[in-house]
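The residues making up each chain are set out below.
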Amino acid sequence: MSKKNNAIEMEDVVVKFVGDSGDGMQLVGTLFSETVGIDGNDLANFPDYPAEIRAPHNTVAGVSGFQVHFGSKEINNFGDLCDVIVAMNPASLKANKKWAKKGTILIIDSDTFDQKAFERAGCTANPLEDGSLKDYIIVKAPITTKVKEILAPLGLDIKTMERTRNMFTLGMVLYIFNRTFNTTFDYLDKKFAKKPQMIEANKMVIKAGFDYASSHESIDKTITVKPASLEKGKYTTVTGNIATAWGLLAASERSGRPFFLGSYPITPATEILMELARHKSLGAKVFQAEDEIAGICSAIGASYAGAMACTTTSGPGLSLKSEAIGLAVITELPLIIVNVMRGGPSTGLPTKSEQSDLYQALFGRNGEAPLIVMAATSCTDCFYASYEIAKLSMEHMTPAILLTDGNIGQGSQLFKLPDVKKLAPIKPPIAEANDPDYKPFNRDPKTLVRKWAIPGTEGLRHRVGGLEKEDGIGNVSMDPQNHQKMVDLRAAKVEKIADFIPEQTVFGDEDADLLVISWGGTLGAVRTAVQELQKQGNKVAHTHFRYIMPLPKNTEAILKKYKKIVVAELNSGQFVNYLRMKFPRYPMLQCNKVQGLPFFVSDLLPTFTKILKEK
Amino acid sequence: MIEYNNTTVERSRIPLTKQDFVSDQMVKWCPGCGDHAILSAVSNVFPKIGYKKENFMFVSGIGCSSRIPYYLNTYGFHGIHGRAAAISTGIKITNPHLSVWMATGDGDSMAIGGNHFIHIIRRNMDINIILFNNQIYGLTKGQYSPTTNMGQITKTSPQGTIEHPFNCGELVLGAQGTFFARGVDTNPKMMTEIMFEAARHDGTSIVEILQNCIIYNDKVHALITAKETKDNYQLHLKNGEPMKFGANMEKGIRLNKRRLEVVEIGKNDITENDLLVHDQYAGDPGIHLMIAKMAPPVYPVALGVIRSAMYPTYDDLVEEQIKQAKENSKIKCVNDVMAASGVFEIK
Ligand code: SF4
């Protein structure tokens, strides 16, 4: 009997590969995701790293994972509970069992389940025998033994052979999802072009895993996920951090301003710095500074000198940059600060994500120091959001903070390649040489924007700095009235940017019983929850914020329409309090989670349902 | 080995004068402060250097010294406390064709900005840094600084400081400085000369000026600068010449085994030939360090250019890497970057 007769179809599935840090889970996850992407599924991936580089072998602290959510419909989140979990050792099973649901297929390397490993994982008994997994479909496979058997003819050393265990599981998963291995093999051919022996070994193991799964007694069905109806075009998978780097480079290209990045490595933002450092052929100047403060200060210098200047960081780094951000505010220079938020306070949860730096972005400076704050909504939106914030920052001569987070920064999605030449043009207000009327703080009467006078230009010598300046002429001024005026002008300049951003849109009915508000990287999960509720027949609307400071002009008009409003965010209520401060008339409920984890649709549904039912 | 080409600063087509660099702002330092003489030396040396006036950029941090950009008619940036070195770094990397100058003080660069100070030096950014060393915090009204003498009573050390002071030269050379010069605010001619040499040097040039804060640390350098004592406590270095000092140039510095020693010419059979000959261009900083550390009462203070060694600059190397990448890479625009990232097509 062919098992393929017993094939079921699903709209979307979640597969998670978990193992020890050295087990190659990121590689196998990426390979699987590439395969389904090329096969036409929409997808979102989420890596789950330990905070340590190589935590003790086989312990829970050392578990590394890679989750692939793919489907035949649009995939806008990383998925909640898993349909398939591949666990390479007891520790990874222990750490990830919580992501399994009834009927989840658990693929386990049974060779690793010995007494020593249980102890290291902190298990009291063999989880395969103590009945704790009875709700799941357990697929025990002696993977370590198998790969050694298969690869024996190649004469490889034991370590190299064991390193292909991940590929065996890939073969098994490909079988379960009814895939051929053509796509995977093509990808391997390209990826390991310089190591033909690795390609051969990996292919042998993948095939063996596939065959093994096809005859495994516990695997009694296969799952088909049809291709999604993706727009035609060229795609790649991109993490939010890489997309951010590309968006920034694109903005430099389109504005004609040379690119400068001054940054200091910090998890989970470092990939932006690393990606940008690769692109010297575009003329991008990337400076790894001695600390966070030097990162931003070098960027401020670069901005004064005429570059599109950026600094990238995460929460603790943003704290260190606070004073310098004020300097960029008072000198009215463009500056793009990217904060890939992580769990805080202090060192907090470096590899986990939160939205808890909003207060810091909005208010974390001395003095009256308004600036642009935007929040990217997904991995791929990081590209567009970083492009747009760079445009706003340069055209409005003001520093700007882009908030992304560890989830979207390190997670990845399918990205349809845009044509940079077709993105909105960027026109910074560069002062012309020998302009007789040039004064450092003369302003465009409509936008209140001052001109960018670049050192080296004839006839524009001038001084700026951290001391308060007289409007127009720009001399140091301690005059009370002038200070009031400058404070007001800097605030009004930022507020006026609301005229240059799109209006806030609402998903769902105008007369819905509940308006759900969210912002930043939680778009996918919150939208999916709202859609779910709508399907169940509830009248729920959703508005998701990307522009935080200034807010879109119609924000109040939207709030006005709904009797019940709930703000869902991954902190204790920072955006909701900001909205309450701006619009005190509208009562707002909260839905918060601060666990270093993304929102799951399963967290949101009960909360929203309860609010809907309350009188 | 990466080759490097010197990025150059465009020269002025017309001769410039001091007036070209004087700003219309009122100078607000205390009357009698050494800063006035330093400002005057800077505005004297800029026209001599000969660059186009728009190509001078003056950056500063916080403190009395750091007001200088307002008093000069150049492009200027008055930064925040301790961060001028980082700001200058961004400016120079962005536009290596600017002549970037920086004013700072002992507190600004050796306390709050210490990290940036050592790293700008280590990288050998082509920036000229004038460090006003008055061994006190002036602008905040008289607290001890990292160069205040041990035991000195100040507003925050009523029983005397219990900190070992930095010697600026030692710190600079420890951070692999390629250029270090020292001057005093009482000798305008020498200040101008060493600033000129600093401008000519490719790399981070540190010019320490022993400056008198007449209000909070008056006469701190008096032993070195006072008429009666200066001949015995100032050693004016000249490259290629023996190190001599004293009212009649009767004294000198000799290397005795591994130590420097003050000797009198003519005594104990010592002749000029026994004296140490200054080699500011030596790659090895060993002797430079010994000279920089000389201090009264045993030694005179070394003034002039102590070290001026040739090493590639950071900004040149950046330009070189970009040039090579542009020549060798097929990636010319952001569309190319994205297209090279494992793209597949949905038809
Ligand atoms: S306080 Fe001292 S250093 Fe500052 S201006 Fe007055 S005399 Fe000069």
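If you're wondering where the values come from, they're calculated on a predicted model, not measured in any experiment.

A.B. asks: Give a detailed account of the overall build of chain B, specifying residues and quantitative values.
C.D. replies: When helices and strands are counted, chain B shows 11 helices and 12 strands. In terms of C-alpha radius of gyration, chain B reaches 22 Å, essentially the compact-globule figure of 20 Å for 347 residues. Across its three principal directions, the C-alpha atoms of chain B cover 90 × 50 × 50 Å. Expressed as a percentage of the 347 residues in chain B, the buried residues total 55%. Counting only carbon and sulfur atoms, one obtains 52% of the accessible surface of chain B, whose full area is about 15200 Å². Here chain B contributes 35 positively and 35 negatively charged side chains, and the mean placements of these two sets differ by 3 Å.

A.B. asks: Please give an account of the domain arrangement of chain A that cites residues and values.
C.D. replies: The accessible area lost on association of the parts is a frequent measure of interface size. Residue and element names in this part refer to chain A. The domain architecture assigned to chain A consists of domain 1 (7-224), domain 2 (236-422) and domain 3 (514-613). Using only C-alpha atoms to locate each centre, domain 2 and domain 3 end up separated by 26 Å. For the pairing of domain 2 and domain 3, the buried interface totals around 2100 Å² over both sides, and the portion due to carbon and sulfur atoms is 58%. It is Q355, Y359 and T377 in domain 2 that bury the most area against domain 3; as a group they hold 31% of the surface buried on that side. At the junction of domain 2 and domain 3, the tally comes to 2 salt bridges. Between D381 and R546 there is a salt bridge; the shortest N-O distance is 2.9 Å. Taken together, the links from domain 2 to domain 3 amount to 15 residue pairs in polar contact (both at pLDDT 80 or more). Looking at the side of domain 2 that touches domain 3, the elements that each hand over two or more residues are helix 13 (358-363), strand 14 (372-375), helix 14 (381-395), strand 15 (399-405) and helix 15 (406-410).

A.B. asks: Describe the sheet that holds strand 22 (residues 589-592) of chain A, naming the residues involved and giving the relevant values.
C.D. replies: Residue and element names in this part refer to chain A. Taken in spatial order, the 4 strands of this open sheet run 19-18-21-22, and their pairing is parallel. Edge strands, defined here as strands with exactly one partner in the open sheet, are strand 19 (540-545) and strand 22. Each neighbouring strand pair of the sheet contributes to a mean axis angle of 25°, computed without reference to strand direction. Here 4 bridges tie strand 21 (residues 564-569) to strand 22, and the two strands are oriented parallel to one another. Bridging across to strand 22, V566 finds its partner in L589. Most of the contacts of helix 19 (residues 574-582) go to strand 21, to which it runs at about 135°, and overall it touches strand 18 (514-519), strand 19, strand 21 and strand 22. Against the sheet, helix 20 (residues 601-613) contacts strand 18, strand 19, strand 21 and strand 22, and its axis sits at roughly 165° relative to strand 21.

A.B. asks: Could you give an account of the packing of helix 7 (residues 182-191) of chain A against helix 8 (residues 196-214) of chain A, naming the residues involved and the relevant values?
C.D. replies: All names here are of chain A. At a minimum axis distance of 10 Å, the contact between helix 7 and helix 8 shows a crossing angle of 160°. In terms of axis orientation, helix 7 runs roughly antiparallel to helix 8. For the pair helix 7 and helix 8, the sense of crossing is right-handed. Across from T184, F185, L188 and D189 in helix 7, the residues of helix 8 making contact are I199, N202, K203, I206 and K207. Class assignment for the residues of the contact of helix 7 with helix 8 results in 4 nonpolar, 2 polar and 3 charged.

A.B. asks: Tell me about a nonpolar patch on the surface, and please be specific about residues and values.
C.D. replies: All names here are of chain A. Taken together, the side chains of Y359, F363 and M581 define a hydrophobic patch exposed on the protein surface, amounting to about 300 Å² of accessible area. Its location among the elements puts M581 in helix 19. Taking the relative accessible area as the measure of exposure, M581 reaches 49% and is therefore partly exposed.

A.B. asks: Which residues make up the interface of chain B and chain A, and what are the values?
C.D. replies: Contacts between chain B and chain A engage 60 residues on the former and 71 residues on the latter. Carbon and sulfur atoms supply 63% of the area that chain B and chain A bury against each other, a total of about 5200 Å² over both sides. When the area that chain B buries against chain A is broken down by residue, the three leading residues are B:Y75, B:F344 and B:I346, summing to 15%. One can count 4 salt bridges joining chain B with chain A. Between B:R123 and A:E290 there is a salt bridge; the shortest N-O distance is 2.8 Å. If you look at where chain B meets chain A, you find 33 residue pairs in polar contact (both at pLDDT 80 or more). Those elements giving two or more residues to the side of chain B that touches chain A turn out to be strand 2 (75-78), helix 2 (84-94), helix 4 (114-123), helix 10 (314-328), helix 11 (334-339) and strand 12 (344-346) of chain B. A class-by-class count of the residues in the side of chain B that touches chain A yields 26 nonpolar, 21 polar and 13 charged. Pairing analysis gives 3 bridges linking strand 9 (residues 233-239) of chain A to strand 12 of chain B, with the strands arranged antiparallel. Its bridge partner being in strand 12 of chain B, A:G233 is matched across the sheet by B:I346.

A.B. asks: So, the confidence of the model for chain B: which residues are in play, and what are the values?
C.D. replies: Per-chain confidence: chain B averages 96 in pLDDT, with 98% of residues scoring 70 or above. For the stretch residues 1-5 of chain B, pLDDT sits under 50, and the model shows 13 contacts to residues farther than four places along the chain or on other chains.

A.B. asks: Can you tell me about the pairing of strand 5 (residues 179-184) of chain B, naming the residues and giving the values?
C.D. replies: Residue and element names in this part refer to chain B. Buried residues dominate strand 5, accounting for 6 of its 6 residues. The two faces of strand 5 match: F179, A181 and G183 on one face and F180, R182 and V184 on the other face are all buried. Sheet analysis places strand 5 next to strand 6 (residues 205-210), joined by 6 bridges and oriented parallel. Paired with R182 across the two strands is E208, which belongs to strand 6.

A.B. asks: Requested: an account of the pattern of salt bridges, with residues and values cited.
C.D. replies: What the rule picks out here adds up to 41 salt bridges over all chains. For A:D39, the salt bridge is made with A:R179, and the minimal N-O distance between the two is 3.2 Å. Placement of A:D39 in the loop between helix 1 (25-38) and strand 3 (42-48) and of A:R179 in the loop between helix 6 (165-176) and helix 7 is noted, with a sequence separation of 140 residues between them. By relative accessible area, which is 7% here, A:R179 ends up buried. The partner of A:E458 in a salt bridge is B:R13, and the shortest N-O contact between them spans 3.5 Å. Of this pair, A:E458 sits in the loop between strand 16 (412-416) and strand 17 (463-465) while B:R13 is found in the segment before helix 1 (35-49), placing the two residues in two different chains.

A.B. asks: Provide a residue-level description of unusual backbone geometry, including the pertinent values.
C.D. replies: Look at the link from A:M549 to A:P550: it is a cis peptide, with omega at -5°. Examined against the element boundaries, A:P550 turns out to sit in the loop between strand 20 (547-549) and helix 18 (555-561). Backbone torsion omega between B:P296 and B:P297 reads 5°, so that peptide bond is classified as cis. Checked against the element boundaries, B:P297 lands in the loop between helix 9 (286-293) and strand 11 (301-308). Unlike most non-glycine residues, B:K219 shows phi in positive territory, near 65°.

A.B. asks: Which residues make up the packing of aromatic side chains, and what values go with them?
C.D. replies: Residues and elements named next belong to chain A. One pass over the structure, following the stated rule, counts 32 aromatic pairs over all chains. For the ring pair F181 and F185, a centre distance of 5.0 Å and an interplane angle of 15° mean the geometry is stacked. Of the two residues examined, F181 and F185, each falls in the buried class. Aromatic side chains Y359 and F363 sit 6.3 Å apart centroid to centroid with 45° between the ring planes, which places their arrangement in the tilted category. A residue pair is termed a helical-turn pair when its members lie 3 or 4 positions apart in one helix, as Y359 and F363 do in helix 13 at 4 residues. Among the aromatic residues, those joined into a cluster by ring pairs are Y359, F363, W519, F545, F575 and Y578. Sitting over the ring of F507, R527 keeps its end group 4.1 Å from the ring centre.

A.B. asks: Any chance you could break down the pairing of strand 11 of chain B for me, citing the residues and the numbers?
C.D. replies: Residue and element names in this part refer to chain B. Counting buried positions along strand 11 yields 8 of 8 residues, so the element is predominantly enclosed. The pairing of strand 5 with strand 11 spans 4 bridges and is antiparallel. In the sheet register, A181 faces strand 11, and the bridge partner there is V305.

A.B. asks: Tell me about the sheet that holds strand 5 (residues 82-87) of chain A, residues and numbers included.
C.D. replies: In a beta sheet, neighbouring strands are held together by backbone hydrogen bonds and run either parallel or antiparallel to one another. A sheet is described by the order of its strands in space; here 9 strands give the open sequence 7(A)-6(A)-5(A)-2(A)-4(A)-3(A)-16(A)-9(A)-12(B), paired in mixed fashion. At either end of the open sheet lies a strand with only one pairing partner, and these are strand 7 (137-141) of chain A together with strand 12 of chain B. Averaged over neighbouring strand pairs, the angle between their axes works out to 25° when direction is ignored. Both strand 9 of chain A and strand 16 of chain A contribute to a ladder of 5 bridges, which runs antiparallel. Bridge pairing links A:V238 to A:Q413 in strand 16 of chain A.

A.B. asks: Can you lay out the side chain of B:R123 for me, pointing to particular residues and giving the numbers?
C.D. replies: Examined against the element boundaries, B:R123 turns out to sit in helix 4. Among residues more than four places away in sequence, those in contact with B:R123 are A:F287, A:Q288, A:A289, A:E290, B:T313 and B:Y314.

Conventions and cut-offs
Residues numbered from 1 in each chain as written. Chains lettered and ligands numbered in written order. Predicted model: local features only at pLDDT ≥ 70, side-chain atom pairs only at ≥ 80, totals over all residues. Heavy atoms only, no water. Helix = DSSP H or I, 4+ residues; strand = E, 2+ residues; numbered from the N terminus. Rg over C-alpha atoms; globule rule 2.2 N^0.38 Å. Buried < 20%, exposed > 50% of the residue type's maximum accessible area, 1.4 Å probe, protein only. Areas by Shrake-Rupley, 256 points an atom, 1.4 Å probe, with all protein chains shown as cover. Lys, Arg positive; Asp, Glu negative; His and termini not counted. Charge placed at Lys NZ, Arg CZ, Asp CG, Glu CD. Domains from an automatic or database assignment. Buried area = accessible area lost by both parts, 1.4 Å probe. Salt bridge = Lys/Arg side-chain N within 4 Å of Asp/Glu carboxyl O. Polar contact = N/O pair within 3.5 Å; in protein donor to acceptor, adjacent residues only side chain to side chain. Pairing = 2+ DSSP bridges. Axes fitted to C-alpha atoms, helices over the stretch in contact; angles between N-to-C directions. Contact = heavy atoms within 4.5 Å. Parallel < 35°, antiparallel > 145°, perpendicular 65-115°, else oblique. Left-handed = near helix turned anticlockwise from the far one by under 90°. Nonpolar A, V, L, I, M, F, W, Y, C, P; charged D, E, K, R; others polar. Patch = residues over 30% accessible without salt bridge, like charges linked within 9 Å, V, L, I, M, F, W, Y side chains within 5 Å. pLDDT = per-residue confidence, 0-100. Phe/Tyr/Trp six-rings, centres within 6.5 Å; stacked < 30°, edge-to-face > 60°. Lys NZ or Arg CZ within 6 Å of the ring centre and 35° of its normal.

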